[in-house]
Structure formats: C-alpha cells, structure tokens
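Residue-level listing of the chains:
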Amino acid sequence: MTAHIAPDRSVRSVSSHPTADSLWAATAPAAPDTPALAESISTDVLVIGAGYTGLSTALHLAGTGASVCVVDAHAPGWGASGRNGGQVNPTLKYDPDELVRMFGAEQGETLIETVSASGDLVFDLIARHRIDCAPVRAGWLQVGYTEEAVAGMHARARQWEKRGVAVEMLGRAELAQRMGTNTFAGGWLDGRAGGIQPLAYARGLARAALAQGVRVHGQTPISALERHGSHWIATTANGLQIKAQQVVIGTNGYTDGLWPGLARTVLAANSFIVATKPLGSKGAGILDKGETGSTSQRLLLYFRKDAQGRLLMGGRGHFADPQGAPDFAHLERSLELMFPQLGKVEYEYRWAGRIAVTRDFMPHIHQPAPGITMAVGYNGRGIALATCMGKHVAALLDGKSAQSCPFPISTIQPIPMHGLQRFYIAAGVAWYSLLDRMGK
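A quick note: this is a predicted structure, and the numbers were derived from the prediction, not measured.

Visitor: Go over the sheet that holds strand E7 (residues 186-190), please, and point to the residues and values.
Guide: Pairing is mixed in the open sheet, where eight strands are placed in the order E6-E7-E5-E14-E15-E16-E13-E17. Each end of this open sheet is capped by a strand with a single partner; those strands are strand E6 (167-171) and strand E17 (347-358). Averaged over all pairs of adjacent strands, the angle between strand axes in this sheet comes to 20 degrees, irrespective of strand direction. Strands in contact with helix H6 (residues 147-162) are strand E5 (140-144), E6 and E7; relative to E7, the strand with the most contacts, it is inclined by about 20 degrees.

Here you go:
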C-alpha cells in the first residue's frame, strides 16, 4: 500500500541567502566533501537536514549498526547551524522551578538534568572527534540594566545552584570588571556554558559522521515523501529516490512544506549579527576570559569575542533577509554604547540567520506517522539543544521508548493564521520593545 504525503504548498521555501559574507564562513576549516546524491539508494535511516540536529542524530546512530544517509538542500551547516552567535548555552527559556511546575517533579527534573548536561555533550563531542572549532568554556554572563532585573537573575542562578551548577552572582562592580563596561547593574555567570566557531563545529560533526560510515550529501533537496508498505521513499528535486525504514526531519528555522503543517509550528525569526575587525589591544578588559554574554531583555542582545579578538554583537532583525549595512545599524549602535572606550569601531562582517521560535518556547519532537521523527524549535539555543536532541532522536530510532525520552513527544499543532507570521513577529517585537523600555 502506498500513502502519499502531499507537501504543504502554502509554505514558501526559505531564502537561499548565502553564508559567504559571514565571519564563520570566512574562518572555518574547509568543509568535508559532501557531493550531491548521484544515484538512487536504500538506507536504514534518512536524515533530512545537515545542521546540528541531523548531524548529531547521524553520529549517534553510527555506532548502532544502522546505515544512515544525511541530505541537505545546501551544505552541512548552511542554515542556522553555521550562522548563529556560537554560544553554547545549556538552558531553556524557562527556569528550573517553572519546568517542574509545567511537567511535574519527575519528568521536570529529568528534563532539567538533560538540558543541563547538553553543554557537556557538545564539548565532549568536540574533544572526542578532535573538532577544530576554537572551543572556550568560560561561562555565559546574563546581565541586566536594572536592580529589579538583577534580582530576578540571581533568583534564577540560585535555582541552578541548588541543582549543582557552578554559578556566580555578580553586582555592578564585579560585572564591570569582567565585561569591560559599566552599562549593567549586575548579572550572573553560568559556568556550564561556552563559545565555539559554530560552522566549524557543524563541519566537524559532518566529518566525524563520514568517518563512521554515514553518507552525507549536500545540494540534495527532498521534494516528496511517500509511504510504501513498511518503508518510505524520498524523492529528490532531480528525481532520484532514497528508500528508508526511518526518516528524520531536522530542518528547524529553514523548514519548508515537505511535511504538512510542520513549518507552521514555528516562527522563523531573523537574528542579525555584526563582527568588528580584530580589536587587538583596544579590546583589553572586554570579556578577557572568553565569556559569552547576553542581556536579560525579551529582545535580548548577545555578545562575545571570537578567537581572533573580534567583538560580536547579535540581536533581533526585521523579518526579511538583510539587504545591506544599514539593516545592522541598530546592533552597531548598541555595541558602541555598551563599549564606548572603543571609540570609532570598524566592522568586518554582517550576516543573519533564522531561528525557529515555537508557540510555547520549548523544543519539540513529533512522530506523526510510523517511521517519521521530527525535531524542531530551539528558540535561539540551538547549539546545545539541537546536539542533545539529536542524541535522543537517535535513541528513539534505536528502540528506546517514547516514555524514556526526556523531551515529550508532541503532536503537530500549527500556529493559527501562520501565514501572517511576519505580522506576528513585528507585533511581538513592538510589544516586547515596549515592555523592555518599561522595565517589565
């Protein structure tokens, strides 16, 4: 019996905006060879999307004896995995006590432990597979402009401290000494976190998967999925077929209409980033230990230095892909206000990528049909969460029960009137900007 899954034609394909102008594309080690699929094949597991989710899934399946093929419409790390700010933050949008209230004590604490260990997973994979991605694990600073915001962050820090996490609660003077700015009233340091070169990490995962026998093919978009008896047939855009027992979809902010309704479960919001030229001695005193950081606002700013001493600043952007330097002016202004001692700043790179924001700000695993697993929705914490999600998706495919998975298996629930997502995002930005200005 053949079951045809009609793609959702109401969802337009994402922009093909290249990564060539990003800092990460300019400085990452060369990509491994991942040529386009040239023949029809059979495999145990087909993974669609060669970002962190897909590559982690494939790498964790490689040791199980299953044959695995990963395909991507572009190249490994082309999407958000190669465009993000490089911050490895093992957290969710919710504090630990909130997660316990949401999921109950047993499931909530299991989820908390899993998320808390996701940073360890990233850095362990980097060490085990000798991934050249400039890893630094000096912690993440979350900082606030007001005493009220700082009190809330210190309460958050105490919740993590109660669960064994190394934290530091910082006042204005202590924070200024670490960050090199007097802008903030205080904050806290999460010792689990760190920074990496994110595209280099994605390419390293691809290289590690290839070394363990996984097939990885770029420039291989999938245009259709059909169920044939006990297996799936994926058809590529040029008519080749991949026969698989199991299919994983891990396309996150670049999800299209391949599976009906999936793209409409997330808002694909743009995050913009600028990077200065290497600061040299001008950058002395600014995040000297290699910490990453972000503000506590709803429309947060995030910042760090890279391995060559460039200062990066990221934050919200408009819905459309950027067209030129003026689209990044708000970030450059923020950087210069935060670090006035730099004087005139020269910028070397400006780029953007899409994050997937879910309605409940939680990542989701879906299994809407036999042999289909999907994982999406990292809400700006993709390095740690997507790597972790890949490990647990692999466990599900290897026979672990859904009940044993720390991330609940949920049904696909499209966001109402998703076609108006650019208006959702614009309205949310306006509302959150107002709340941030009011200090709410």
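Visitor: Which residues make up the packing of helix H5 (residues 118-128) against helix H10 (residues 382-397), and what values do they have?
Guide: As a packed pair, H5 and H10 sit with axes 8 Å apart at the nearest point and diverge in direction by 80 degrees. Classed by the angle they form, the pair H5 and H10 counts as roughly perpendicular. For the pair H5 and H10, the contacting residues are Ser 118, Gly 119, Leu 121, Val 122 and Leu 125 in the first and Ile 383, Ala 384, Thr 387, Cys 388 and Lys 391 in the second. Class assignment of the residues belonging to the contact of H5 with H10 gives a composition of six nonpolar, three polar and one charged.

Visitor: Account for the pairing of strand E10 (residues 222-228), naming residues and giving values.
Guide: Taken together, the six bridges between E10 and strand E11 (residues 231-236) define a ladder with antiparallel strand orientation. If you follow Leu 225 over to E11, its bridge partner there is Ala 234.

Visitor: Run through unusual backbone geometry, naming residues and quoting values.
Guide: Notably, Ala 134 is not glycine yet its phi reads approximately 50 degrees, a positive angle. On the secondary structure map, Ala 134 appears in the loop between H5 and E5. A residue is classified by how much of its surface remains accessible, and Ala 134, at 33% relative accessible area, is partly exposed. One non-glycine residue with positive phi stands out, namely Phe 361, at about 60 degrees. One can find Phe 361 in the loop between E17 and strand E18 (364-366).

Visitor: So what's going on with the nonpolar core? Which residues, and what values?
Guide: Nonpolar side chains in soluble globular proteins tend to end up buried together. Of all hydrophobic cores here, the largest spans 72 residues; its most connected members are Val 70 and Tyr 201. Tyr 201 has contacts with Tyr 52, Val 122, Leu 125, Ile 126, Ile 131, Cys 133, Ile 196, Ile 383 and Thr 387, leaving out every residue within four places of it along the chain.

Visitor: How would you explain the pairing of strand E2 (residues 41-48) if you had to name every residue and give the values?
Guide: The buried fraction of E2 is high, at six of eight residues. In terms of strand pairing, E2 meets strand E12 (residues 241-249) through seven bridges, oriented parallel. For Val 45, the partnering residue across the bridge sits in E12 and is Gln 246.

Visitor: Explain H10 residue by residue, including any values.
Guide: Here H10 contains 16 residues, and its C-alpha end-to-end distance of 21 Å stays within 8% of the 22 Å for a straight helix at 1.5 Å per residue. For H10, a buried count of 13 out of 16 residues is recorded, marking the element as mostly surrounded by other parts of the structure. Backbone geometry just after H10 places Gly 399 at a positive phi near 110 degrees.

Visitor: Got a sec to walk through the pattern of salt bridges? Specific residues and values, please.
Guide: Under the defined criterion, the tally for this structure stands at 13 salt bridges. Between Asp 97 and Lys 162 there is a salt bridge, with its nearest N and O atoms 3.9 Å apart. A residue pair is termed long-range when its members are at least 10 positions apart, and Asp 97 in helix H3 (residues 96-103) and Lys 162 in helix H6 qualify at 65 residues. Residue classification places Asp 97 among the partly exposed positions, given a relative accessible area of 26%. Judged by relative accessible area, which is 61%, Lys 162 ranks as exposed. Across the salt bridge formed by Glu 332 and Arg 350, the nearest N and O atoms sit 2.6 Å from each other. Pair noted here: Glu 332 is in helix H9 (residues 329-338) and Arg 350 is in strand E17, with a separation of 18 residues, a long-range link.

Visitor: Describe the environment of Leu 385, listing the residues and the values that go with them.
Guide: Position of Leu 385 relative to the elements: it lies in helix H10. Residue Leu 385 is classed as buried on the basis of its relative accessible area of 2%. Setting aside residues no more than four positions away along its own chain, Leu 385 makes contact with Thr 91, Leu 92, Val 115, Pro 363 and Tyr 378.

Visitor: Quick rundown of the packing of aromatic side chains? Include the residues and the values.
Guide: If you walk through the whole model with that rule in mind, you get seven aromatic pairs. Directly above the aromatic system of Trp 78 lies the positively charged group of Arg 83, at a separation of 4.4 Å from the ring centroid. Note that Arg 192 overlies the ring of Trp 160, its terminal NZ or CZ placed 4.0 Å from the centroid.

Visitor: Account for helix H7 (residues 172-179), naming residues and giving values.
Guide: Listing the buried residues of H7 in full gives Leu 175, Ala 176, Arg 178 and Met 179. Buried residues of H7, viewed axially, fall in a sector of 165 degrees; they line one side. For H7, exposure combined with an orientation more than 90 degrees from the buried face picks out Ala 173 and Gln 177. The inward-facing, buried residues of H7 abut E5, E6, E7, strand E15 (302-305) and H9. Among the residues trailing H7, Gly 180 stands out with phi positive, at a value near 85 degrees.

Visitor: Run through the side chain of Thr 387, naming residues and quoting values.
Guide: Take Thr 387: it is sitting in helix H10. On the basis of relative accessibility, which here comes to 0%, the residue Thr 387 falls in the buried class. A polar contact of 2.6 Å, which involves the side chain of Thr 387, links it to the backbone oxygen of Ile 383. If we skip the residues at most four places from it in the chain, Thr 387 touches Tyr 52, Ser 56, Leu 121, Val 122, Leu 125, Tyr 201 and Gly 382.

Rules used in this analysis
Residues numbered from 1 in each chain as written. Predicted model: local features only at pLDDT ≥ 70, side-chain atom pairs only at ≥ 80, totals over all residues. Heavy atoms only, no water. Pairing = 2+ DSSP bridges. Helix = DSSP H or I, 4+ residues; strand = E, 2+ residues; numbered from the N terminus. Axes fitted to C-alpha atoms, helices over the stretch in contact; angles between N-to-C directions. Contact = heavy atoms within 4.5 Å. Parallel < 35°, antiparallel > 145°, perpendicular 65-115°, else oblique. Nonpolar A, V, L, I, M, F, W, Y, C, P; charged D, E, K, R; others polar. Buried < 20%, exposed > 50% of the residue type's maximum accessible area, 1.4 Å probe, protein only. Core = buried A, V, L, I, M, F, W, Y, C linked by side-chain atoms within 4.5 Å. Expected span 1.5 Å × (residues − 1). Salt bridge = Lys/Arg side-chain N within 4 Å of Asp/Glu carboxyl O. Phe/Tyr/Trp six-rings, centres within 6.5 Å; stacked < 30°, edge-to-face > 60°. Lys NZ or Arg CZ within 6 Å of the ring centre and 35° of its normal. Arc of directions from axis to C-beta. Polar contact = N/O pair within 3.5 Å; in protein donor to acceptor, adjacent residues only side chain to side chain.

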